[in-house]
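Chains, contacts and geometry: an overview
This is what each chain is made of:
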Amino acid sequence: MRPGLSEDLIARVLGAAPKYTLAELEEKFPPRELPEDAMVTRFAPSPTGYMHLGGLYSSLIDYKLAQQSGGIFLLRIEDTDTKREVKEAVDLIISSLNKFGIKNNNDEKYGPYYQSQRKDIYHSVAAELLRRGRAYPCFLTQEEMDEIRENQKSAGFATGIYGEFARDRDISAEDIIKHLDNGETPTIRLYSTGDPTKRIIFKDTVRGSISVPENNEDIVLIKSTDRLPTYHFAHLCDDHFMRVTHVVRGEEYFGTVALHIQMFRMMEWQLPKYIHTATLDKIDEETGTQRKLSKRKDPENNVAFFLQDGWPTDALVEYLGNILAPGYEEAKLKGAVKTFWDYELRPKKIPMSGGLFDMKKLEWWAKEYIGAMSVPDLVKSVTDWANEYGDEKQKMQVADSDYLTAVLAIERDNPKRVRKDFITWKQTLEIEEFFWDELFVPNTEYAYNKDVLNAFLSNFNIADDKDTWWNKIVAIAEKFGVKNGDVAMNLRVALSGRTNTPDLYSIMQVMGETRVINRVKNAI
Ligand code: GLU
């Protein structure tokens, strides 16, 4: 510890007198009144305008833990070092989360939730540290720091501002005044008393008991440029005063946990429980090896990709749920639970290393999910998607809801034999394009048997039931000495342009008499 600063100097180094005492902050944001096991979690993205799949993955964990324990899930916007358009980026995060069924419980009492609006809180805590001699104003310039760094490198020391390299660590009040009178704005640094030859032991919920070297760096708490906090200091203040109990974050933050623990202990604040999750990996198509999802190479790293292509959001939740809660799929197949939201997620079971994200597996979950949907729900999902993301063509397809319903109802009446070829809302509409005259592409390559098609037209009756209809086809086959399947294939290609379709009788029923006759005539 070092001598604390006077109130007058504290106000000068921070640019203004702090608004609150620590006791006032404790009173303003008291411990929450929740059942003992209730978890308070938060998703704390930086608003970049891009939502990573990894962000969705960790907010699913956050939300699930809060929801199943009767706790609270917060959304905190870490906007202290962004000059970008924050509002749009935040709207994107909120609307994306909502689409996956994730809603925050941000309650006014513990807000604001934008870090850029919490300066008073950070400054009040920083003031207390300055008072207690646990922090100090540092006037090193960028050039001076670069020089220190170069010297450290050439002498083989670890780089950073620590110990003997922290020039202003023990700066006197007189020298502080001199710098301030000179018009300089200091950064506020932690006065670290950590010793890296000693180790901190703590329990990571996923990784178990861990020991990491103590931190000796006098890290920046408040930046000189805008007097906003660094990530580390904001994490300390926010997770304490928002009364967060569980910090779920990517494994890339594991390296700074010693520092965070040091700060919580220094404040004598209850340490949150940490859950450092593994990043999502994929199998690289070219090399066949497992690697991290990449923003540059992998479209699926962006949550917007799934929304734009119309993947069922619930299926993505199911699949991610199965990655983060091993055993979920089994429980679901056994019928023990219906959805991921009903499954008890055990924090200790969250995978510690690379969860593998495989688009093929997602396809399976999507097919199963859509296969189990009712026709009205399917129609609604496809329609909502087309109206929000679809092109003119797709919007046209959903405009006549009755026709779309008839199209999508094909082969869905027998629950044991539901078709499983729909994967996304977009692809569903694409598969069914031939039902719309504007989109139908006649097959001009196919060698139609005109006699067969003419015979079909001569006694086609849309009112025939399925048996009567089939008997007529059999009769045509006999007459021309071809197989039943050949007759059906001629009709199938004439009507759809394709050799592979769902049930032909249903297709004709949905298309209606005029359309069937016209297409068959055209084929002839
Ligand atoms: N803003 C950080 C991020 O986007 C938050 C990390 C944390 O959850 O503490 O990764």
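Quick summary incoming for the structure in this document. If you're wondering where the values come from, they're calculated on a predicted model, not measured in any experiment.

Turning to the overall build of the protein chain, a few remarks are in order. Secondary structure assignment for the protein chain yields 22 helices and 12 strands. Its C-alpha atoms give the protein chain a radius of gyration of 32 Å, clearly above 24 Å, the size a compact globule of 524 residues would have. Over its C-alpha atoms, taken along the principal directions, the protein chain stretches across nearly 110 × 45 × 40 Å. Sorting the 524 residues of the protein chain into buried and exposed places 52% on the buried side.

Lining the immediate environment of the ligand, one finds R42, A44, P45, S46, E78, Y231, R249 and Y253. With respect to the ligand, the backbone of A44 contributes an N or O atom lying 2.8 Å from a nitrogen atom. At 2.9 Å from a nitrogen atom of the ligand is found a side-chain nitrogen or oxygen belonging to E78. Summarising the interface, the protein chains cover 80% of the accessible area of the ligand, which totals 290 Å² for the free molecule.

Before going further, it helps to examine the side chain of N490. Counting through the fold element by element, N490 comes out in helix α20 (residues 484-496). Given the relative accessible area of 5%, N490 is considered buried. In this structure the side chain of N490 is engaged in a polar contact, spanning 2.7 Å, whose partner is the backbone nitrogen of N449. What N490 contacts, discounting residues up to four positions off in sequence, is Y446, A447, Y448, N449, V452 and L453.

Time to look at the pattern of salt bridges. Per the stated rule, a full pass over the model turns up 37 salt bridges. For the salt bridge of K19 with D120, the shortest nitrogen-to-oxygen distance reads 3.6 Å. Residue K19 is found in the loop between α1 (7-14) and α2 (22-28), and its partner D120 is found in helix α5 (residues 119-131); the two are separated by 101 residues along the sequence. With a relative accessible area of 53%, K19 lands in the exposed category. Across the pair K282 and E285 runs a salt bridge whose closest N-O atoms are separated by 3.0 Å. Classification of K282 by relative accessible area gives buried; the value is 4%. In this structure E285 comes out as exposed when scored by relative accessible area, which is 65%.

Overall, antiparallel pairing links the three strands, which are arranged β3-β4-β7 in an open sheet. Since the sheet does not close on itself, it has two edges, and those belong to β3 (135-138) and β7 (220-222), each with one partner. The average undirected angle you get between the axes of adjacent strands in this sheet is 45°. Bridging between β3 and strand β4 (residues 187-190) involves four bridges; their strand directions are antiparallel. When the bridges of β4 are listed, Y136 appears paired with R189.

To continue, consider a negative patch on the surface. A cluster of acidic residues, E143, D146, E147 and E150, forms a negative patch at the surface. If you trace the backbone, E143 turns up in helix α6 (residues 142-155). For E143, a relative accessible area of 58% gives the class exposed.

Of all residues except glycine, most have a negative phi; of all peptide bonds, most are trans. A cis amide bond links G111 to the next residue, P112, at an omega of 0°. By the secondary structure assignment, P112 is in the loop between α4 (86-99) and α5. In this model, R227 sits at a positive phi of 60°, which is unusual for a non-glycine residue. With respect to the helices, strands and loops of the structure, R227 is situated in the loop between β7 and α8 (231-241).

Calculation rules
- Counting of residues starts from 1 at the beginning of each chain's written sequence and follows it residue by residue.
- Local features in a predicted model are, by the rule used here, given only for residues with pLDDT of at least 70; side-chain atom pairs are given and counted only at 80 or more, and totals for whole chains, interfaces and linings are based on all residues.
- Values reported for side chains reflect all heavy atoms of the structure, with hydrogen atoms and water molecules removed beforehand.
- We count a stretch as a helix when DSSP gives it H or I for four or more residues in a row; a strand needs E for two or more, and each element gets its number in order from the N terminus.
- For the radius of gyration, the atoms used are the C-alpha atoms, and the globule rule reads 2.2 Å times the number of residues raised to 0.38.
- Exposed residues in this analysis have more than 50% of their type's maximum accessible area, buried residues have under 20%, and partly exposed residues fall in between, with area computed by a 1.4 Å probe over protein chains only.
- Nearness is judged by heavy atoms alone; a residue qualifies as near a molecule or strand once a single heavy atom is within 4 Å of it.
- Two N or O atoms count as a polar contact when they lie within 3.5 Å, although within protein this holds only if one can serve as hydrogen donor and the other as acceptor, and sequence-adjacent residues are included solely when both atoms are side-chain atoms.
- Computed with the Shrake-Rupley method and a 1.4 Å probe, the accessible areas treat only the protein chains shown as cover for residues.
- By definition in these notes, contact holds between two residues if any of their heavy atoms fall within 4.5 Å.
- Salt bridge, as used here, is a side-chain nitrogen of Lys or Arg placed within 4 Å of a carboxyl oxygen of Asp or Glu.
- Two strands make a pair as long as DSSP finds a minimum of two bridges between them.
- Every angle, taken between N-to-C directions, lies between 0 and 180 degrees, and every axis is a line fitted to C-alpha atoms, over only the stretch in contact when it is a helix.
- A patch is a set of surface residues, each over 30% in relative accessible area and not in a salt bridge, joined within 9 Å for like charges and within 5 Å for the nonpolar side chains Val, Leu, Ile, Met, Phe, Trp and Tyr.
- Residues scored as positive are Lys and Arg, those scored as negative are Asp and Glu, and His as well as the terminal groups of each chain are ignored.
- Just so you know, the charge point we use is NZ for Lys, CZ for Arg, CG for Asp and CD for Glu.

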